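For reference, the chains in residue letters:
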Amino acid sequence: MLKKLLFLVIGFSSVTYAMTEPANAAAEDTVYVFNTLLFLIGGFLVMWMAAGFAMLEAGMVRSKSVAMQCTKNISLYAIAGIAFWVLGYNLMYDGVDGGFFGSFTAFSVPDPSADAGDYSAASDWFFQMVFCATTASIVSGTLAERIKLIPFLIFVVLLCGVIYPIQGAWQWGGGFLSELGFSDFAGSTIVHSTGGWAALMGALILGARAGRYVDGKVTAMPGSSMPLATLGTFILWLGWFGFNGGSQLALGSLEDASSVSKIFMNTNLAAAGGVVTAIILTQILYKKVDLTMCLNGALAGLVSITAEPLMPSPLSAIIIGGIGGVIVVFAVPMLDKLKIDDVVGAIPVHLLAGIWGTLVVPWSNPDTSLITQFIGVISIGLFVSAISAVVWFVLKSTIGIRVSEEAEQVGIDKAELGMEAYPDFTK
Amino acid sequence: MKLITAIIKPFKLDDVRKALVDLGIEGMTVTEVKGFGRQKGHTEVYRGAEYEVNFIPKIQIDIVIKDEILDSATSAIVESAKTDKVGDGKIFVFDVTSAIRIRTGEVDAEAL
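Since we're looking at a predicted model, the values are computed, not measured.

**Thoughts on the interface of chain B and chain A**
A common measure of how large an interface is: the accessible area buried when the components associate.
Here comes step 1: Taken together, the six residues of chain B in the interface contact 12 residues of chain A.
Here comes step 2: Looking at the side of chain B that touches chain A, the elements with two or more residues in it are strand S3 (42-46) and strand S4 (49-53) of chain B.

**Considering helix H5 (residues 149-171) of chain A**
Here comes step 1: Taking 1.5 Å of rise per residue, 23 residues should cover 33 Å, and H5(A) covers 32 Å from first to last C-alpha, within 8% of that figure.
Here comes step 2: Along H5(A), the sharpest kink reaches roughly 45 degrees, centred on Leu159(A).

**Overview of the pairing of S4(B)**
All names here are of chain B.
Here comes step 1: Within S4, only zero of the five residues are buried, leaving the element largely exposed.
Here comes step 2: Sheet analysis places S3 next to S4, joined by five bridges and oriented antiparallel. Looking at the pairing, His42 lines up with Val53 of S4.
Here comes step 3: Remark: two residues form the turn of the hairpin made by S3 and S4, two consecutive strands paired antiparallel; Arg47 in that turn has positive phi of roughly 50 degrees.

**Things to note about the UniProt feature "modified residue: O-UMP-tyrosine" (unreviewed entry) in chain B**
Here comes step 1: Residues annotated by UniProt as "modified residue: O-UMP-tyrosine" (unreviewed entry) correspond here to Tyr51(B).
Here comes step 2: For Tyr51(B), the position within the fold is in strand S4.
Here comes step 3: In this structure Tyr51(B) comes out as partly exposed when scored by C-beta crowding, with 15 C-beta atoms within 10 Å.
Here comes step 4: Contacts of Tyr51(B), omitting those with residues within four sequence positions, involve Thr219(A), Ala220(A), Thr43(B), Glu44(B) and Tyr46(B).

**Quick look at the confidence of the model for chain A**
Here comes step 1: Across chain A, the average pLDDT comes to 92, with 93% of residues at 70 or higher.
Here comes step 2: Under a pLDDT of 50 for its full length, residues 1-19 of chain A has, in the predicted model, 14 contacts with residues more than four places off or in other chains.

**So, unusual backbone geometry**
Residues and elements named next belong to chain A.
Here comes step 1: In this structure, Asp97 is a non-glycine residue whose phi angle is positive, near 45 degrees.
Here comes step 2: Of note, Asp97 is situated in the loop between helix H3 (66-93) and helix H4 (121-142).
Here comes step 3: Unusually for a residue other than glycine, Leu249 sits at a positive phi of about 65 degrees.
Here comes step 4: We classify Leu249 as partly exposed; it has 18 C-beta atoms within 10 Å.

**Digging into the packing of helix H1 (residues 13-22) of chain B against helix H2 (residues 70-81) of chain B**
All names here are of chain B.
Here comes step 1: Two elements in contact, H1 and H2, have axes whose closest approach is 9 Å; the angle formed by their N-to-C orientations is 150 degrees. It follows that H1 is roughly antiparallel to H2 by the angle criterion. Like other packed secondary-structure pairs, H1 and H2 cross with a definite hand, here right-handed. Contact residues: Asp15, Val16, Ala19 and Leu20 in H1; Ala73, Ala76, Ile77, Glu79, Ser80 and Ala81 in H2.
Here comes step 2: Here the residues of the contact of H1 with H2 sort into seven nonpolar, one polar and two charged.

**Brief notes about the nonpolar core**
Here comes step 1: Counting residues in hydrophobic clusters, the biggest one holds 131 residues, and the most contacted among them are Ala80(A), Leu159(A), Cys160(A), Ala199(A), Leu302(A) and Val328(A).
Here comes step 2: The element best represented in this core is H3(A), accounting for 14 residues.
Here comes step 3: Those residues in contact with Leu302(A), other than ones at most four positions away along the chain, are Trp237(A), Trp240(A), Thr267(A), Ala270(A) and Ala271(A).
Here comes step 4: Judged by nonpolar contacts, the second largest core, of 13 residues, contains Ile8(B), Ile63(B), Ile65(B) and Ala73(B).

**Regarding the sheet that holds strand S5 (residues 56-65) of chain B**
Backbone hydrogen bonds are what pair the strands of a sheet, in a parallel or an antiparallel way.
All names here are of chain B.
Here comes step 1: Taken together, the four strands give an open sheet; going across it, the order is S2-S5-S1-S6, and neighbouring strands pair in antiparallel fashion. The sheet is open, and its two edges are formed by strand S2 (29-35) and strand S6 (90-95), each paired on a single side. Direction aside, the axes of adjacent strands within the sheet are offset by 25 degrees on average.
Here comes step 2: Where strand S1 (residues 2-8) lies against S5, seven bridges are found, and the strand directions are antiparallel. In the strand pairing of S5, Leu3 is matched with Val64.
Here comes step 3: Relative to the sheet, H1 contacts S1, S2 and S5, its axis offset from that of S5 by approximately 10 degrees.
Here comes step 4: Packed on one face of the sheet, H2 meets S1, S5 and S6 and runs near 5 degrees to S1.

**Some details on the packing of helix H7 (residues 188-206) of chain A against helix H12 (residues 346-359) of chain A**
Residue and element names in this part refer to chain A.
Here comes step 1: The contact between H7 and H12 brings their axes to 8 Å, and the two run at 140 degrees. Between H7 and H12, the angle falls in the class oblique. Taken as a pair, H7 and H12 cross one another with a handedness that is left-handed. Facing Ser188, Thr189, His192, Ser193, Gly195, Gly196, Trp197, Ala199 and Leu200 of H7, the residues of H12 in contact are Ala346, Ile347, His350, Leu351, Gly354, Ile355, Gly357 and Thr358.

Criteria and thresholds
Residues numbered from 1 in each chain as written. Chains lettered and ligands numbered in written order. Predicted model: local features only at pLDDT ≥ 70, side-chain atom pairs only at ≥ 80, totals over all residues. Contact = placed C-beta atoms within 7 Å. Helix = DSSP H or I, 4+ residues; strand = E, 2+ residues; numbered from the N terminus. Expected span 1.5 Å × (residues − 1). Bend = angle between axes of the 7 residues up to and from the residue. Buried ≥ 20, exposed ≤ 12 C-beta atoms within 10 Å, placed from the backbone. Pairing = 2+ DSSP bridges. UniProt positions renumbered as here; feature names shortened; annotations may be inferred. pLDDT = per-residue confidence, 0-100. Axes fitted to C-alpha atoms, helices over the stretch in contact; angles between N-to-C directions. Parallel < 35°, antiparallel > 145°, perpendicular 65-115°, else oblique. Left-handed = near helix turned anticlockwise from the far one by under 90°. Nonpolar A, V, L, I, M, F, W, Y, C, P; charged D, E, K, R; others polar. Core = buried A, V, L, I, M, F, W, Y, C linked by C-beta atoms within 7 Å.

Pasting the structure below:
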């Protein structure tokens, strides 16, 4: 204990010393400890985003679908972790070397020799795994209230074990996009748009909820709990500090500590910008502020800043996030016009704001170009959409992906789970 | 004996109850109800989609009283439930042929 304490004191004093000296003055062990700590703290904050998605979705679906939505969220998080351990991690990170995917070496994470680097190999696995789970959470919200549990979970296995890792390898694994100079700091495209494309393909192939679009009119289906949706959004906002801050991938030098702090600041400002534009626009357009749009606005602001949370000035961060909020307010009714039923607004928030965030990177980061950003968005979009569409079609034509219309009317909770979220409530 | 059925705004219930208790009313029955009147409900916007609220939540009060306090009871309800805005509700009065208190078997006026 005393030894550890002494070690920490030495660690801190060398950091203090480094104020006047080059940043690499920190002891090697200290760098390892702080980098690993960032992965662990960032990782459990992002893990907690699974709770945020669960609560946001529970609040946005009707009360007859809440128990199923919770079931999907706890299941997908568990399955994502296992799939990313069995296959995903090595497919994404092991020996990509400028190519298109890593190795198919199952069951071999973490590699003990990897611990010799600047951080613990298991901490890196954990940090990358929770990002993969976030992608799957995005899909469940869009397809809520009408998709069957088992085919949804089969899709999650393939998304987290194969689809997400392959496109992630292109950039974060050192594949062809990273060689090209594409830049996606914490995953506006790699995590959020990927989830969004998979959700969009699912929504198109699955169809809208029964009674949602009748005679060219949209039937509003208000969510079951605004407090839960709000709590979920706050949890996601908190988790995002791990998502973006942790993506600095290092905390072992003064420069890294300063960068992580700037990222926290920009991340918060972008979310705030998204909320404020949603408040203003819904007040102007509908004469009343729409809470659910404000919640989506916060998340769209966060997704928008995720591709480059470090380089923008604070004012730029507010503008980037604020435009995310604008995207939400206009894209939600636009999707309804196209009869694409996205229960929680995941497509505007994650797909469209993700594209926006990725394309705006060159505004603040001079080392990037609009063309390579565009290539990244398009190549990942095409790949994820094509594979997802095939998987959804195969599932649809074999085991079926949709519950019966009667089950939907009764409620997917009672029909598929034989359970209600709120059994004591009077109807 | 008369039965008064009053449909009022939910947030006016406490005021109406107080006004009736001050008159000496011994009991009342309250029900949460939904319905529409001449306005035919109203519209709201949720996530950019306009939707109709066809049935608006109201409170229904039922009291049975002696004939002689009918006028004072109805005017007490009118005064306490009034907001001068649409949707204040309505009062209906019916004749009651008999009343029995279950515990004692008392009938009519004694049972009220």
